[in-house]
Amino acid sequence: QVQLVESGGGLVQPGGSLRLSCAAFGTFSSIRDMAWYPQAPGKQRELAAIITTRGSTNHADSVKGRFAISRDNAKNTVYLHMNSLRPEDTAVYYCNAQIKKYLNSSFDDTYWGQGTQVTVSS
């Protein structure tokens, strides 16, 4: 079984910074795209940032210039560096990864982390 384990969330003041981490554990062949999806209370999960195997990134307009996604393939880990945090960034941040479980798999499978709470408040 593959699992994504998240860490790094917490309470931070407006303007502060946090770094979220998400590491994949288990047996699998390869990891394709990795992404971060925040979900605010009562709202839908939405894409904040995504990074490809090659390292190409896309960031949502709401976080562009403030957040930066990166990955360390040797550690099977994706990061979300968050700066200039705002109260509206408050959400549970879920890590997502497209993973090929077996070498001969035809398609990637989607895995989700357990979520880590980010609260931006004075």
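Residues numbered from 1 in each chain as written. Predicted model: local features only at pLDDT ≥ 70, side-chain atom pairs only at ≥ 80, totals over all residues. Heavy atoms only, no water.

**Focus on the pattern of salt bridges**
For step 1, the next point in the chain: Applying the stated criterion across every chain, the model contains three salt bridges.
For step 2, the next point in the chain: With a shortest N-O distance of 3.9 Å, Arg 32 and Asp 108 are connected by a salt bridge. In this pair, Arg 32 is assigned in strand S4 (residues 30-39) and Asp 108 in the loop between strand S9 (91-100) and strand S10 (109-112), connecting sequence segments 76 residues apart.
For step 3, the next point in the chain: Residue Asp 108 is classed as partly exposed on the basis of its relative accessible area, which comes to 28%. (Salt bridge = Lys/Arg side-chain N within 4 Å of Asp/Glu carboxyl O. Helix = DSSP H or I, 4+ residues; strand = E, 2+ residues; numbered from the N terminus. Buried < 20%, exposed > 50% of the residue type's maximum accessible area, 1.4 Å probe, protein only.)

**Here's the deal with the nonpolar core**
For step 1, the next point in the chain: Leu 4, Trp 36, Val 78, Leu 80, Met 82, Tyr 93 and Ile 99 are the most contacted members of the largest nonpolar core, which has 28 residues in total.
For step 2, the next point in the chain: When residues of this core are assigned to their parent elements, the largest contribution, five residues, is made by S9.
For step 3, the next point in the chain: Filtering out sequence-adjacent residues up to four positions away, Ile 99 remains in contact with Val 2, Leu 4, Ala 24, Phe 28, Ser 30, Ile 31, Asp 108, Asp 109 and Tyr 111. (Core = buried A, V, L, I, M, F, W, Y, C linked by side-chain atoms within 4.5 Å. Contact = heavy atoms within 4.5 Å.)

**Digging into the environment of Thr 116**
For step 1, the next point in the chain: Within the secondary structure layout, Thr 116 lies in strand S11 (residues 116-120).
For step 2, the next point in the chain: Overall, the relative accessible area of 10% leaves Thr 116 in the buried class.
For step 3, the next point in the chain: Taking the C-alpha atoms as reference points, Thr 116 and Ser 7, 109 residues apart in sequence, are found 6.4 Å from one another.
For step 4, the next point in the chain: Here Thr 116 is in contact with Glu 6, Ser 7, Gly 8, Gly 9, Leu 20, Ala 91, Val 92 and Tyr 93, once residues within four sequence places are set aside.
For step 5, the next point in the chain: A polar side-chain atom of Thr 116 sits 3.2 Å from the main-chain amide nitrogen of Gly 9. (Polar contact = N/O pair within 3.5 Å; in protein donor to acceptor, adjacent residues only side chain to side chain.)

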